[in-house]
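Spelled out, the chains give:
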Amino acid sequence: MHEQTPETPSDAPAPQGPTLFDWEFATDPYPAYAWLREHSPVHRTRLPSGVEAWLVTRYADARQALADQRLSKNPAHHAEPAHAKGKTGIPGERKAELMTHLLNIDPPDHTRLRRLVSKAFTPRRVAEFAPRVQELTDHLIDGFAAKGEADLIHEFAFPLPIYAICEMLGVPREDQDDFRDWAGMMIRHGGGPRGGVARSVKQMRTYLGELIHRKRDDLGNDLISDLIRASDHGDHLTEAEATAMAFILLFAGFETTVNLIGNGVHSLFANPDQRALLQASLAAGESALLATGIEELLRYDGPVELATWRFATEPLTLGGQDVAAGDPVLVVLAAADRDPDRFADPDTLDLSRTDNQHLGYGHGIHYCLGAPLARLEGQTALATLLTRLPDLELAIPPQELRWRGGLIMRGLRTLPVRFTPRNT
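Residues numbered from 1 in each chain as written. Predicted model: local features only at pLDDT ≥ 70, side-chain atom pairs only at ≥ 80, totals over all residues. Heavy atoms only, no water.

Asks: What should I look at first to understand the overall build of the chain in this one?
Replies: Per the secondary structure count, the chain includes 16 helices and twelve strands. Across the 424 residues of the chain, 55% fall into the buried class. Contacts spanning at least 24 positions in sequence make up 71% of the contacts within the chain whose residues lie at least 6 apart. For the chain, the computed accessible surface area is about 18100 Å², with 51% contributed by carbon and sulfur atoms. (Helix = DSSP H or I, 4+ residues; strand = E, 2+ residues; numbered from the N terminus. Buried < 20%, exposed > 50% of the residue type's maximum accessible area, 1.4 Å probe, protein only. Contact = heavy atoms within 4.5 Å. Areas by Shrake-Rupley, 256 points an atom, 1.4 Å probe, with all protein chains shown as cover.)

Asks: Can you walk me through unusual backbone geometry in this structure?
Replies: What is expected of a backbone is that most residues other than glycine have negative phi and most peptide bonds are trans. At Phe 21, a residue that is not glycine, the phi angle is positive and equals roughly 70°. As for its placement among the helices and strands, Phe 21 is situated in the segment before helix H1 (23-27). You will see that Asp 345, though not glycine, has its phi angle at about 45°, which is positive. Tracing the backbone through its elements, the reader meets Asp 345 in the loop between helix H15 (333-336) and helix H16 (371-388). In this structure Asp 345 comes out as exposed when scored by relative accessible area, which is 57%.

Asks: Would you mind showing me how to read the pairing of strand E2 (residues 52-56) here?
Replies: One face of the sheet, then the other: side chains in a regular strand alternate in exactly this way. Counted residue by residue, E2 has four buried out of five residues, so it is predominantly covered. In the sheet, strand E1 (residues 42-46) pairs with E2 via five bridges, with the strands oriented antiparallel. In the sheet register, His 43 faces E2, and the bridge partner there is Leu 55. Hairpin connection, E1 to E2: the antiparallel pair is bridged by five residues, and Gly 50 has positive phi, about 95°. (Pairing = 2+ DSSP bridges.)

Asks: What is the right way to read the sheet that holds strand E4 (residues 149-151) from this model?
Replies: Strand pairing in a sheet relies on backbone hydrogen bonds, with the paired strands running either antiparallel or parallel. Strand order in this open sheet of three strands is E4-E12-E11, and the pairing throughout is antiparallel. Since the sheet does not close on itself, it has two edges, and those belong to E4 and strand E11 (393-394), each with one partner. Where E4 lies against strand E12 (residues 416-418), three bridges are found, and the strand directions are antiparallel. Each bridged residue has a counterpart across the sheet, and for Asp 151 the counterpart in E12 is Pro 416.

Asks: I tried to follow the pattern of salt bridges on my own but got confused; where do I start?
Replies: Pairing between side chains becomes possible if they bear opposite charge and their charged atoms approach one another. Under the counting rule described, the total for this entry stands at 23 salt bridges. We note a salt bridge from Arg 410 to Asp 301, for which the minimum N-O separation is 2.6 Å. Of this pair, Arg 410 sits in the loop between E11 and E12 while Asp 301 sits in helix H14 (residues 288-301), and the two are 109 residues apart along the sequence. Its salt-bridge partner being Glu 393, residue Arg 418 comes within 2.8 Å of it at the nearest N-O pair. Of the two residues, Arg 418 sits in strand E12 while Glu 393 sits in strand E11, which places them 25 residues apart along the sequence. Overall, the relative accessible area of 40% leaves Arg 418 in the partly exposed class. The network of salt bridges with common partners includes Arg 44, Arg 46, Glu 52 and Asp 327. (Salt bridge = Lys/Arg side-chain N within 4 Å of Asp/Glu carboxyl O.)

Asks: How should I be thinking about empty space enclosed by the protein in this particular structure?
Replies: With a probe scaled to a water molecule rolled over the atoms, the places where space remains empty come into view. Per the counting criterion, the structure on display carries two cavities of 30 Å³ or more. As for the largest cavity, its lining consists of Tyr 30, Leu 298, Arg 299, Tyr 300, Asp 301, Gly 302, Pro 303, Val 304, Leu 333, Ala 334, Asp 337 and Gly 360. Residue assignment for the lining of the largest cavity shows that the elements contributing at least two residues are H14 and H15. The dominant element in the lining of the largest cavity, judged by the number of residues it contributes, is H14, at four residues. Each residue belonging to the lining of the largest cavity can be placed in one class, and the counts come to seven nonpolar, two polar and three charged. (1 Å grid on protein atoms, 1.4 Å probe; cavity = no way out; pocket = protein on both sides within 12 Å on 5 of 7 lines; lining within 4 Å. Points joined across faces, edges and corners; volume = space filled by probe spheres on them. Nonpolar A, V, L, I, M, F, W, Y, C, P; charged D, E, K, R; others polar.)

Asks: Teacher, can you tell me more about helix H8 (residues 159-169) here?
Replies: Residues lying three or four places apart along an α-helix face the same way, a consequence of the helix completing one turn every 3.6 residues. For H8, a buried count of eleven out of eleven residues is recorded, marking the element as mostly surrounded by other parts of the structure. Among all positions of H8, only Pro 159, Leu 160, Pro 161, Ile 162, Tyr 163, Ala 164, Ile 165, Cys 166, Glu 167, Met 168 and Leu 169 are buried. Following H8 by one or two positions, Gly 170 has its phi on the positive side, about 100°.

Asks: Which parts of the structure should I look at to understand the sheet that holds strand E7 (residues 310-312)?
Replies: If you walk across this open sheet you meet the five strands as E1-E2-E10-E7-E3, and the pairing is mixed. The two strands at the open ends of the sheet, each matched to only one other strand, are E1 and strand E3 (71-72). Strand contacts of helix H3 (residues 59-67): E1, E2, E3, E7 and strand E10 (328-331), with the helix running at about 125° to E10, the strand carrying the most contacts. (Axes fitted to C-alpha atoms, helices over the stretch in contact; angles between N-to-C directions.)

Asks: Would you take a moment to explain the pairing of E10 for this structure?
Replies: Side chains of E10 alternate between two faces, with Pro 328 and Leu 330 and Val 329 and Val 331 buried alike. Here E2 pairs with E10 via three bridges, running parallel. Following the sheet pairing, Val 56 is matched in E10 by Val 331.

Asks: Looking at this model, I keep getting lost on the packing of helix H6 (residues 123-142) against H16. Mind explaining?
Replies: Helix packing for two helices is described by the angle between their axes and how far apart those axes are. Across the interface, H6 lies against H16 with an axial gap of 10 Å and an inter-helix angle of 40°. Considered as vectors, H6 and H16 are oriented oblique to each other. Crossing angle aside, the handedness with which H6 passes H16 is right-handed. Within the contact between the two elements, H6 uses Val 126, Phe 129, Ala 130, Val 133, Gln 134, Thr 137, Asp 138, Ile 141 and Asp 142 and H16 uses Pro 372, Leu 373, Leu 376, Glu 377, Thr 380, Ala 381, Thr 384, Leu 385 and Arg 388. For the contact of H6 with H16, the per-class residue count stands at ten nonpolar, four polar and four charged. (Parallel < 35°, antiparallel > 145°, perpendicular 65-115°, else oblique. Left-handed = near helix turned anticlockwise from the far one by under 90°.)

Okay, here's the thing in C-alpha cells:
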C-alpha cells in the first residue's frame, strides 16, 4: 500500500512514500519510519484493518500526543460506526466485557483505578519477587541447556513472563498451563484466526472472574487479593473492574516482556561488539551496563511498536496537521525512539547510553504500570542467558527470521539458537 505524501510544488516530483504494514516492512520498519519523520511526521493512512488513523513519528510530537488529554483512550470517541470499533482494541475484549481497564479509560475513572491498582503493584512487591524471577529463569534454561539448541521464544521468552505474572496475580500453579495456552493463542493473533483470540480472551475472562470470586473468601499475598482489598476513601474496585484489571495486567504484562527478551537477544546478536562489552561487564560482577543496556534495547528495537489507540475528542493540531474530532491517533514509539533530533546516532545500539528518555513504556498518565516488572524480567533473562550460555548464537541466517504480524507489538515468531550443551 503506497501512502499519500504532503503536497509539493508542481514543478517538483512528489516523493514516493514507503509501503507500510507488509511483510518487508514488518521485518525492518525503521527505514520507512525515517522517511515519515522527514516527509510526513503526522501521517494519515489506512491500516490493514481498514481503519484510517494518524501515525505520529517524531519524538516531540509523540511526547505531546501521549500526554494530551484531548486524545482519549476510550473507544467510544471513535468517529467510525460501531462495527469499526471492534478493530481498534484487543480482539474479544468488548464481547467479554473487559473494556473497563487502564488502556481504555480516561480521568477521572482512570485516576481512580490507577490509584487503586498502584497500591497492589508497588516497586517493593516487584523487588520482593526478584528471587522468584531468577528461579523461573534458571528452571527454564535448565530445560534446554543440555540439548545445545532451543527456540528462545517458545522455550524461554514466552513462558517466563507468563509464569511470573500468573504467580504475582495468584493463579494456582495447577492452572498456569491453561494460561500459557490461552496466551499462546493471543500472541499468535497476527497469524491466526481472530475468532481464536476472542475465544481465548473469553476463557481467560471467565476463569479470572471465578478466581476473584473464590479469593474474596480466602485472600492471600498476591495481586488479585490486593485488587480485592484495594480501597481509597471508601472507593473500591467492582468485581467487573477487578476482572478487567487482572486481565490487562496479564495481557500487557506478558507479550511486552516476550518481545523485550526476544528483540534484545536479536539486537545483541546483530551487534557483537556490544554483546561482548555486556558479557565482560557481567563476568566482572558489574550491573551498571546491564541497567543502561536494558533501556537502550527498549529504545533501539523495543517490544511495543505503536502505542495503543487514542481518539481525538475535539479538533486539534498535531505536528502541523489538523486532526478532526473522532479521528484515531497512533503514536509510533519505534519511530520516535529513533528520532535524530532527540537521540545522537539513533540507529546505533549503545548499551552505555545514559541520555535515554525513550518512550518504550509510554509517557504521561498512561505510562506502563508494569514497567518495573518487565525491566526486572528483561535484566534477569539476558544476564542469566549470557552468563550460563556464553557462546549462544543464532542457529539460522538472520534473513530467515520472521516477525509476528499485528499492529501494536513488535516481536519475533521464533528465535532458534545453538550453544555448547551444558549439564544443569
